[in-house]
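Residue-level structural notes
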Amino acid sequence: MANSFNKFFTSVAEDTLNRVDKGDPRTIPSGDLNIAFPLTEFEPTSKRELSKIIRNMKNKTSAGLDEFSSVMLRGCEKELLEPLLHVVNLSLRLGVCPKKMKSSKVIPLHKQGSKHDLENYRPISLVSTFSKVIEKVVHMRICEHLQKNSIQLREQHGFLSKKSTLTALVELVEYIIDKLEEGHSVTGVYLDLSKAFDCLGHELILAKLSKLGFRDTAWNWFSNYLQDRDQLVELRHFDNKADHLLQVKSAPHYQGRSTGTTLSLLSSSISAEDLEIKGYIALGLAMDYCNGNDLVFNETKTKQLVMGSKRDTISEFPGLQLVESTKHLGIVIDGKLSWVQHLNILCGKLSSGIFALRRVKSVSNIEAVKITYFSIFESHLRYGVTLWGAASQLHLERVLIIQKKALRIMADLEWNESCREHFKRWRILTVVNIYILEVIILACKKSIPRGEDIHQHNTRFAHNFILPSHNSRRFEMKPTYAGARLFNLLPEELKRTDPKALKGKLYEWLLQRPFYSVKEFMDWANC
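Below or above, wherever it landed, is the structure these notes cover.

Focus: the overall build of the protein
Regarding its fold elements, the protein presents 22 helices and eleven strands. If you line up the protein on its principal axes, its C-alpha atoms span 70 × 60 × 55 Å. Taken across its 527 residues, the protein has 47% of its residues classed as buried. Taking the contacts inside the protein whose residues are at least 6 apart along the sequence as the reference set, 71% of them involve residues at least 24 apart. Put simply, the protein has 73 plus and 59 minus side-chain charges, and the middle of one group is 5 Å from the middle of the other.

Dropping the structure here:
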């Protein structure tokens, strides 16, 4: 079984690309970049930098083929820092990645469908922990190089500091709401790319790096890093490993990352005809780019979603499925931004968490119960709450009811006992308070004008955000608008808090005030 998985994962990229006609490879379609400062060699690292990288690594017991986990590295940091510094700097200076760090242990993870079909498994690559340290150093040098040459990646949200799938979702939803507020209709095409991380060819990656200004030793390091990589599949439940390592011919996939990905193409217009033309052109350009850049466009999984007053008059694009809702980056987006379907799925996950809480509560202590709550219950509550937290109170109440049920299990409460004081005692934020916290912090990170930006008078409302005028209730669901409006209702001492300390202080403030609805918070503030 392990040998079959090993052979499948190392050949899946080539098989996927062979199913489509590839265009002429390109590097960067936007034209030549003005690279004022090419990077010919990497700046060496230091003990201080390595120590910071090690301490910021997640405490994980999983490990690559060398069976050395991040937990072990953090525990042996003092003893290993000096030799690790020598190895990393030697790698950077010579432009060579150590061969032992180019072998991966691969764990197949079942996604969905039949467990007898290899296509339904996702490869999770576990590389050497020491390789992760070198990769982190190189990643920092890449970011420094791009910043030095003023190469901005505004639309990229992966692998960048302070950006994530959530920031991508917020930008997407805010764009949609802004266009709907202007009277436009919006069509979104959510493209599914098959085996995206597997299919990227080494030559294409190196050509793009050259275009971005990586030269000589720096470029050689990437070339060597991609060469002679191999992997071995391990089936943990069966204590079964593949007989031998097999070479990986395409780009290496990353730990915990899906080998497919979804991209969103958004077009907007007041005219239905113009919207169809814009959307079709955007789709054509995207398909053309995929064909020339080792990306396989999967039409069967690509969805088209239309929003706005012209929704019923927009035609379905050839080969695509026109849908009322679609899942994108873990959030279900529907044509009315009601978030009802997403909340249906979320409530199902939370109900499953209730079962786990009962089991842990029956066999373990309070600390274990808390860990279980925050890891498998509140983690689902927090993801995307800046978006779906704006749903109607009726639907948000469903989530709150399940959260109260979880708290009653943890605190041994009767079904009709009040939970307010127990939210304080257990230091748990209600789902409403989580929403209030997240949207306020989001608004504070944006460049929204305040009263003090217009005049220098120290008035009562100087720290308040200036809220833009709008015509629809939907605009109030916009995360940054909602956060700015709720911020304006906070006590003056919180509004004057230093931005770096605001999240901690607001968190503590909300812990003492377990609100059950946004209206309850607003009524309290207006008293």
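The discussion continues.
Things to note about the sheet that holds strand S7 (residues 261-269)
Spatially, four strands are ordered S7-S3-S8-S9 in an open sheet, and the strand pairing comes out mixed. Each edge of the open sheet is held by one strand with a lone partner, namely S7 and strand S9 (321-323). Adjacent strand axes in the sheet meet at a mean angle of 25° when their direction is disregarded. Relative to S7, strand S3 (residues 185-194) runs antiparallel, the two being bridged by nine bridges.

Focus: the state of the cysteines
Should the sulfur atoms of two cysteines be covalently bonded, the bond is a disulfide. The full count for this structure, using the stated rule, is zero disulfides. The closest cysteine sulfur to the non-disulfide-bonded cysteine 419 is located on cysteine 347, 16 Å from its own sulfur.

Some points on the packing of aromatic side chains
In this structure the tally under the stated criterion is 21 aromatic pairs. Clustering of aromatic rings is evident, with ring pairs tying together Phe42, Phe214, Trp221, Phe222 and Tyr225. Directly above the aromatic system of phenylalanine 37 lies the positively charged group of lysine 148, at a separation of 5.0 Å from the ring centroid. The cationic tip of arginine 420 hangs over the ring face of tyrosine 516; the distance from NZ or CZ to the ring centre is 3.9 Å.

Points about the nonpolar core
Ranked by internal contacts, the top residues of the largest apolar core, which has 77 residues, are Ile333, Trp339, Leu381, Trp388, Val399 and Leu506. A per-element tally of this core places helix H17 (residues 431-445) first, with eleven residues. Residues in contact with valine 399, not counting those within four places in the same chain, are Leu343, Leu346, Cys347, Leu350, Leu381, Trp388 and Val431.

Brief notes about the pattern of salt bridges
A complete count under the given rule lists 21 salt bridges for this structure. Between glutamate 49 and arginine 141 there is a salt bridge, with its nearest N and O atoms 2.8 Å apart. With glutamate 49 in helix H2 (residues 47-55) and arginine 141 in helix H5 (residues 129-148), this residue pair connects regions lying 92 residues apart in the sequence. Owing to a relative accessible area of 5%, arginine 141 belongs among the buried residues under this scheme. Across the salt bridge formed by arginine 141 and glutamate 144, the nearest N and O atoms sit 3.9 Å from each other.

Considerations on the packing of helix H8 (residues 202-211) against helix H9 (residues 216-226)
Between H8 and H9, whose axes approach to 10 Å, the crossing angle comes to 165°. It follows that H8 is roughly antiparallel to H9 by the angle criterion. Viewed along their axes, H8 and H9 form a crossing whose handedness is right-handed. Of H9, the residues touching H8 (which contributes His202, Ile205, Leu206, Leu209 and Ser210) are Trp219, Phe222, Ser223 and Leu226. For the contact of H8 with H9, the class distribution of residues is six nonpolar, three polar and no charged.

A short note on helix H19 (residues 479-487)
H19 sits mainly inside the fold: eight of its nine residues count as buried. Listed in full, the buried residues belonging to H19 are Pro479, Thr480, Tyr481, Ala482, Gly483, Ala484, Leu486 and Phe487.

Digging into helix H10 (residues 272-292)
Relative to the 30 Å expected for 21 residues at 1.5 Å per residue, H10 spans 31 Å between its end C-alpha atoms, a close match to the ideal helical length. Among all positions in H10, only Ala272, Leu275, Gly279, Leu283, Ala286, Cys290 and Gly292 are buried. Next to the buried residues of H10 lie S3, S7 and strand S8 (296-307). For H10, the side-chain oxygen to backbone nitrogen distance between the N-cap and glutamate 273 is 3.3 Å, and the N-cap itself is serine 271. Looking at the residues trailing H10, positive phi occurs at aspartate 294, about 60°.

Side note on the environment of asparagine 6
You can see asparagine 6 is positioned in helix H1 (residues 2-18). Considered as a pair, asparagine 6 and leucine 245 are 239 residues apart in the sequence and their alpha carbons are 8.3 Å apart. Each residue touching asparagine 6, except ones within four places of it in the same chain, is listed here: Gln231, Leu232, Val233, Ala242, His244 and Leu246. Side-chain polar atoms of asparagine 6 contact the backbone nitrogen of valine 233, separated by 3.4 Å.

Quick notes on a positive patch on the surface
Side chains of Lys162, Lys445, Lys500 and Lys503 sit close together on the surface and give a patch of like positive charge. Counting through the fold element by element, lysine 162 comes out in the loop between H5 and helix H6 (165-181). By relative accessible area, lysine 162 is classed as exposed at 80%.

Considering the pairing of strand S1 (residues 103-110)
Extensive coverage of S1 is indicated by the burial of six of its eight residues. Here S1 pairs with strand S4 (residues 230-235) via four bridges, running parallel. Bridging across to S4, valine 106 finds its partner in valine 233. With six bridges joining them, S1 and strand S2 (residues 121-126) adopt antiparallel strand pairing.

Re the side chain of aspartate 192
With respect to the element layout, aspartate 192 can be found in strand S3. With no salt bridge to any partner, buried aspartate 192 finds its closest opposite charge in lysine 301, at an N-O distance of 5.0 Å.

Details of the packing of H2 against helix H4 (residues 77-94)
Where H2 meets H4, the axes come as close as 10 Å, and the angle between the chain directions of the two elements is 120°. With respect to each other, H2 and H4 are oriented oblique. Viewed along their axes, H2 and H4 form a crossing whose handedness is right-handed. Of H4, the residues touching H2 (which contributes Lys47, Leu50, Ser51, Ile54 and Arg55) are Glu77, Leu81, Glu82, Leu84, Leu85 and Val88.

About the cut-offs
- Residues numbered from 1 in each chain as written.
- Predicted model: local features only at pLDDT ≥ 70, side-chain atom pairs only at ≥ 80, totals over all residues.
- Heavy atoms only, no water.
- Helix = DSSP H or I, 4+ residues; strand = E, 2+ residues; numbered from the N terminus.
- Buried < 20%, exposed > 50% of the residue type's maximum accessible area, 1.4 Å probe, protein only.
- Contact = heavy atoms within 4.5 Å.
- Lys, Arg positive; Asp, Glu negative; His and termini not counted.
- Charge placed at Lys NZ, Arg CZ, Asp CG, Glu CD.
- Pairing = 2+ DSSP bridges.
- Axes fitted to C-alpha atoms, helices over the stretch in contact; angles between N-to-C directions.
- Disulfide = S-S within 2.5 Å.
- Phe/Tyr/Trp six-rings, centres within 6.5 Å; stacked < 30°, edge-to-face > 60°.
- Lys NZ or Arg CZ within 6 Å of the ring centre and 35° of its normal.
- Core = buried A, V, L, I, M, F, W, Y, C linked by side-chain atoms within 4.5 Å.
- Salt bridge = Lys/Arg side-chain N within 4 Å of Asp/Glu carboxyl O.
- Parallel < 35°, antiparallel > 145°, perpendicular 65-115°, else oblique.
- Left-handed = near helix turned anticlockwise from the far one by under 90°.
- Nonpolar A, V, L, I, M, F, W, Y, C, P; charged D, E, K, R; others polar.
- Expected span 1.5 Å × (residues − 1).
- Polar contact = N/O pair within 3.5 Å; in protein donor to acceptor, adjacent residues only side chain to side chain.
- Patch = residues over 30% accessible without salt bridge, like charges linked within 9 Å, V, L, I, M, F, W, Y side chains within 5 Å.
- Areas by Shrake-Rupley, 256 points an atom, 1.4 Å probe, with all protein chains shown as cover.

In short, the description is geometric, and any link to function would need to be established separately.
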